Amino acid sequence: QVQLVESGGGLVQPGGSLRLSCAASGITFRTYIMHWQRQAPGKQRELVATIRSDGTTYYVDSVKGRFTISRDNAENTVYLQMNSLKPEDTAVYYCNAFWSMRNNYWGQGTQVTVSS
């Protein structure tokens, strides 16, 4: 019954913005560490951003100052605000909810394409 559903992806020009959302159900959302990861064609999946239950955040260096991760525990949703987008940000973005190795869930992904 666990579901993570990403939305908000699309095609934008360099310098544009997108806001990704991930709605979770079937888990005690507030206890989970939430991640955004991305995978470009032919490349390894990389961790983009993390937000813990206590609100602490992590960002990969390439997105610092441009991306912001946040969560709304009342709505079981994690967000990724992406500003000043670059072509190198083009990838499928995945939402991940982690509590333990037994409780580790993924969404199906949403495509982000940054191109002129």
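Scroll up a little and you will see the structure.
Below or above, wherever it landed, is the structure these notes cover. (Residues numbered from 1 in each chain as written. Predicted model: local features only at pLDDT ≥ 70, side-chain atom pairs only at ≥ 80, totals over all residues. Heavy atoms only, no water.)

### Details of the overall build of the protein chain
1) Next: What the protein chain contains, in helices and strands, is zero helices and eleven strands.
2) Next: Sequence-ordered secondary structure for the protein chain, helices as α and strands as β, is β-β-β-β-β-β-β-β-β-β-β.
3) Next: The C-alpha atoms of the protein chain give 13 Å as radius of gyration, which agrees with the globular expectation for 116 residues (13 Å, within 12%).
4) Next: Counting only C-alpha atoms and orienting by the principal axes, one finds that the protein chain spans roughly 40 × 25 × 25 Å.
5) Next: Relative to its 116 residues, the protein chain shows a buried fraction of 40%.
6) Next: When contacts within the protein chain are restricted to residue pairs at least 6 apart in sequence, long-range pairs at least 24 apart make up 53% of them.
7) Next: Counting every atom, the protein chain has about 6,400 Å² of accessible surface; 45% of that belongs to carbon and sulfur.
8) Next: Computed over 11 positive and 8 negative side-chain charges, the separation of the two mean positions in the protein chain equals 4 Å. (Helix = DSSP H or I, 4+ residues; strand = E, 2+ residues; numbered from the N terminus. Rg over C-alpha atoms; globule rule 2.2 N^0.38 Å. Buried < 20%, exposed > 50% of the residue type's maximum accessible area, 1.4 Å probe, protein only. Contact = heavy atoms within 4.5 Å. Areas by Shrake-Rupley, 256 points an atom, 1.4 Å probe, with all protein chains shown as cover. Lys, Arg positive; Asp, Glu negative; His and termini not counted. Charge placed at Lys NZ, Arg CZ, Asp CG, Glu CD.)

### Some thoughts on the pairing of strand β1 (residues 3–7)
1) Next: The side-chain alternation of β1 yields one buried face, formed by L4 and E6, and one unburied face, formed by Q3, V5 and S7.
2) Next: When β1 meets strand β3 (residues 18–25), the two strands line up antiparallel, connected through five bridges. Across the sheet, residue Q3 finds its bridge partner in β3, namely S25. (Pairing = 2+ DSSP bridges.)

### Re the packing of aromatic side chains
To describe a pair of aromatic rings, you give the distance between the ring centres and the angle between the ring planes.
1) Next: If you walk through the whole model with that rule in mind, you get two aromatic pairs.
2) Next: A ring pair is formed by Y32 and W99, whose centres lie 6.4 Å apart and whose planes are at 45°; its orientation type is tilted. Here Y32 is found in the loop between β3 and β4 (33–39), whereas its partner W99 is found in strand β9 (residues 91–100), with 67 residues between them in sequence.
3) Next: Geometrically, the ring pair formed by Y32 and Y105 is tilted, given 6.4 Å between the ring centres and 40° between the ring planes. A residue pair is termed long-range when its members are at least 10 positions apart, and Y32 in the loop between β3 and β4 and Y105 in strand β10 (residues 103–106) qualify at 73 residues.
4) Next: Grouped by ring-pair contacts, the aromatic residues Y32, W99 and Y105 constitute a single cluster.
5) Next: Across from the ring centre of Y94, 3.9 Å away, lies the NZ or CZ of R45, which sits over that ring.
6) Next: Just above the ring of W106 sits the side chain of R45; from NZ or CZ to the centre is 4.8 Å. (Phe/Tyr/Trp six-rings, centres within 6.5 Å; stacked < 30°, edge-to-face > 60°. Lys NZ or Arg CZ within 6 Å of the ring centre and 35° of its normal.)

### Overview of the pattern of salt bridges
Opposite charge on two side chains permits pairing when their charged atoms draw close.
1) Next: Applying the stated criterion across every chain, the model contains four salt bridges.
2) Next: Where D89 meets R38, a salt bridge forms, and the shortest distance between an N and an O atom there is 3.0 Å. Linking D89 in the loop between β8 (77–82) and β9 with R38 in strand β4, this pair joins segments that are 51 residues apart in sequence.
3) Next: Its relative accessible area of 4% is what places R38 among the buried residues. (Salt bridge = Lys/Arg side-chain N within 4 Å of Asp/Glu carboxyl O.)

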